[in-house]
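Understanding the architecture of this molecule
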Amino acid sequence: MAIKKELLNILACPKCKGDIRLSKDENFLVCDNCKLLYEIREDIPIMLIDEAKKVESTEEF
Amino acid sequence: MTSKFEGNFDMVAQNYLFSSDHISGEDLKYVSEFFRGVSFDFMLDLATGAGHFTTVFNSNIKIAFDYSLNMLKTAIKKYDIDLGVKGDVAFLPFREGSFDLVSCRIAMHHFKNIQHFWFEVHRVLKKNGYFVLIDSIVDIDDAYLNCIEYVRDNSHIRSFSVKEIINFSDGKFRLEDFRNFYKKHDIEEWGRRLNPSEYLFQSIKEQFKKLPENIKEELGVEEIDGVIRSYTDKKGLFIFKKIC
């Protein structure tokens, strides 16, 4: 069950409520504003701020 | 990192799939009838558990949301759900005004940050969207039942009174309908659902024995040959509509 585009459009970062996007490898949802990566595990986005991966830059993702 | 809350429910997801308290009930029939002929575009079922509540609504898109990954996997495997999302109900990962229906059944008593939860439900709903809430309610049994629930399940925070729940809606929702349902719980099934130790299970039954007589009567506690067999609690069904 891949995440449909219409579903990506309603998802937001739980922290800033801003835009998120699918990472290039489609393993994460990326918040460029907070520089957080939310893992997608077995097609289920893990949208917990505490479990998100903090990165210096989201450019490579 | 796995929290106490997540761990509790991750280990017992299958129990909730087959739980007689969750899989059926007069509340589900009532909601199904209330929304007969109504079709939603986007629905969000919060703290979906095994996903039973998603089945009573007709919606083009159904999103199931839970803190437990195993619960989500169980719900998705069983029911026609478009997306499962793991998260915290106090920090919903959705855009403002995304849903025309938000539902939540037999879960609010677990929520730590109740004000944030209500704020977030209001935020993600479209104007005139529905919020359908079902949860255990208390009145004269308040302190006693909340205490027993906590002994059984340490992720239980608090069951609220009808008045408290209506106050949470804080003028931003209109209460379109309310119903009270009585739900009889078989102690063996209810008490063992979270896989307690035998000692804990016996402690839960002892808590019922120690209740004052008027509270036993209020809760319909059935005791046969000195053994607690069942009790009956109250579920409140609230159908709110976002008005501003």
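Residues numbered from 1 in each chain as written. Chains lettered and ligands numbered in written order. Predicted model: local features only at pLDDT ≥ 70, side-chain atom pairs only at ≥ 80, totals over all residues. Heavy atoms only, no water.

1. Digging into helix 7 (residues 142–152) of chain B
To keep things clear, this is the line we draw: Buried, partly exposed and exposed residues are distinguished by accessible area as a fraction of the type maximum, computed with a 1.4 Å probe on protein chains only: under 20%, between the cut-offs, and over 50%, respectively. In DSSP terms, a helix is any run of H or I states spanning at least four residues, a strand is any run of E spanning at least two, and both are numbered starting from the N terminus. For this quantity, the arc is that covered by the directions from the helix axis to the C-beta atoms.
Here helix 7 of chain B has its buried residues at B:Leu145, B:Asn146, B:Ile148, B:Glu149 and B:Arg152. Down the axis of helix 7 of chain B, the sector holding all buried residues measures 160°, keeping them to one side.

2. Focus: the packing of helix 7 of chain B against helix 10 (residues 198–209) of chain B
Residues and elements named next belong to chain B. Selection rule: Whenever a helix is involved, its axis is fitted only over the stretch in contact; in every case the axis is a line through C-alpha atoms, and angles between N-to-C directions fall within 0 to 180 degrees. An angle counts as roughly parallel when it lies under 35 degrees, as roughly antiparallel when it exceeds 145, as roughly perpendicular when it falls between 65 and 115, and as oblique in every other case. A contact between two residues is defined here by any heavy atoms of the two lying within 4.5 Å. Each residue gets one label: Ala, Val, Leu, Ile, Met, Phe, Trp, Tyr, Cys and Pro are nonpolar, Asp, Glu, Lys and Arg are charged, and the others, such as Gly, are polar.
Following both chains from N to C, one finds helix 7 and helix 10 inclined at 175°, their axes separated by 9 Å at the closest point. When the axis of helix 7 is compared with that of helix 10, the two are roughly antiparallel. Counting all contacts with helix 7, which are made through Cys147, Ile148, Val151 and Arg152, the residues of helix 10 involved are Leu200, Ile204, Gln207 and Phe208. For the contact of helix 7 with helix 10, the per-class residue count stands at six nonpolar, one polar and one charged.

3. So, helix 4 (residues 26–34) of chain B
Of the positions making up helix 4 of chain B, those classed as buried are B:Asp27, B:Leu28 and B:Val31. Buried residues of helix 4 of chain B fall within an arc of 100° about the axis and therefore sit on the same side.

4. Concerning the confidence of the model for chain B
Put simply, the rule is: For every residue, the predictor states its confidence as a pLDDT score lying anywhere from 0 to 100.
Summary statistics for chain B give a mean pLDDT of 91 and a share of 90% for residues scoring 70 or more. Scored by ipTM, the complex comes to 0.96, with pTM at 0.90.

5. Describing the packing of aromatic side chains
All names here are of chain B. Just so we agree on the cut-off: Paired rings are identified among Phe, Tyr and Trp, the last through its six-membered ring, by centres lying within 6.5 Å, and are further divided according to the angle between planes into stacked (under 30 degrees), edge-to-face (over 60) and tilted (the rest).
Going through the model one piece at a time under the given rule, you end up with 27 aromatic pairs over all chains. Both rings, one in Phe117 and one in Trp118, keep their centres 6.2 Å apart while their planes meet at 80°; by these two values the pair is edge-to-face. Across the pair, exposure class does not vary: Phe117 and Trp118 are buried alike. Ring geometry for Phe131 and Phe173: centres 6.0 Å apart, planes at 45°, overall tilted.

6. Brief notes about the interface of chain B and chain A
Condition: Accessible area that two parts lose when put together, evaluated with a 1.4 Å probe and summed over both, is termed the buried area. Each salt bridge in this description consists of a side-chain nitrogen of Lys or Arg and a carboxyl oxygen of Asp or Glu lying within 4 Å of one another. Throughout this description, a polar contact denotes any pair of N or O atoms lying within 3.5 Å of each other; where both atoms belong to protein, one of them has to be capable of donating a hydrogen while the other can accept it, and for residues adjacent in sequence the pair is counted only when both atoms sit in side chains.
Every contact between the two is made by 27 residues of chain B and, on the other side, 23 residues of chain A. Together, the buried faces of chain B and chain A total about 2100 Å²; carbon and sulfur atoms form 66% of this surface. In terms of surface lost to chain A, no three residues of chain B exceed B:Leu83, B:Lys86 and B:Arg95, which account for 29% of the buried area on that side. With a closest N to O distance of 3.1 Å, B:Lys73 and A:Glu42 form a salt bridge. At the surface where chain B touches chain A, the tally comes to 10 residue pairs in polar contact (both at pLDDT 80 or more). Put simply, the parts of the chain that give the side of chain B that touches chain A at least two residues each are strand 2 (59–66), helix 5 (69–78), strand 3 (83–86) and helix 6 (114–124) of chain B.

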